[in-house]
Structure formats: C-alpha cells, structure tokens
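Structural overview
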Amino acid sequence: MNSGSQISSTFNEVWGKLNARWKDEASEAFYQQYVLKMSETIEEFERACSDLNVGAAALSKKLQAIEQNIDYK
C-alpha cells in the first residue's frame, strides 16, 4: 500500500470511528464543512504524489542513460 492510500485509509478509519459515536446535527455539519474538503485534499495529494513518483522514475532513467553515456566516453 502506498503512503497516499494509507493516508486515505487512516482518515476514513478515524472518521468512521468518530462518526460511530457522534450522531447529531453537529456531526453532519462537521462532515459537510470539513470531512468532504479533507477527503478532496487527500485525493489531490495522492494524485500529486503519484505524478511525482512517475516523474522521478522518468528522471532516474534519463540520469542513468546519461551516466552510461559518460562511462562509455
């Protein structure tokens, strides 16, 4: 499991435990005001991390190719 998925899973687990004990209008208001926004932010963070990972892998391959090219000269 990558760290992004772990963040999302942990967040959902914590909210689930809190929501199981907190059942009133304030809970729903908190959910609407904060939980949805936090979930969206976590998803955006997960995508950014994934994109960064892909970019880092591509850069690593390019650097390895440059290094090999230098070694052969």
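Now for a description of the structure that goes with this document. All figures in this text were calculated on a predicted structure; none of them were measured in a lab.

**A look at helix α2 (residues 25-72)**
- Under the 1.5 Å per step criterion, the end-to-end length of α2 is 69 Å for 48 residues, consistent within 8% with the ideal 70 Å.
- Along α2, the sharpest kink reaches roughly 40°, centred on Tyr 31.
- All of the buried residues in α2 are Ser 27, Val 35 and Ile 42.
- Capping the start of α2, Asp 24 holds a side-chain oxygen 3.0 Å from the backbone nitrogen of Ala 26, two or three residues further along.

**Things to note about the packing of aromatic side chains**
- Taken as a whole and assessed by the stated rule, the structure comprises five aromatic pairs.
- Between Phe 30 and Tyr 34, the ring centres sit 5.2 Å apart and the planes meet at 40°, which makes this aromatic pair tilted. Note that Phe 30 and Tyr 34 are positioned in helix α2 at a spacing of four residues, about one turn of the helix.
- Under the relative-accessibility criterion, Phe 30 is labelled partly exposed at 27%.
- A connected cluster of aromatic rings, assembled from ring pairs, spans Trp 15, Trp 22, Phe 30, Tyr 31 and Tyr 34.

Analysis parameters
Residues numbered from 1 in each chain as written. Predicted model: local features only at pLDDT ≥ 70, side-chain atom pairs only at ≥ 80, totals over all residues. Heavy atoms only, no water. Helix = DSSP H or I, 4+ residues; strand = E, 2+ residues; numbered from the N terminus. Expected span 1.5 Å × (residues − 1). Bend = angle between axes of the 7 residues up to and from the residue. Buried < 20%, exposed > 50% of the residue type's maximum accessible area, 1.4 Å probe, protein only. Polar contact = N/O pair within 3.5 Å; in protein donor to acceptor, adjacent residues only side chain to side chain. Phe/Tyr/Trp six-rings, centres within 6.5 Å; stacked < 30°, edge-to-face > 60°.

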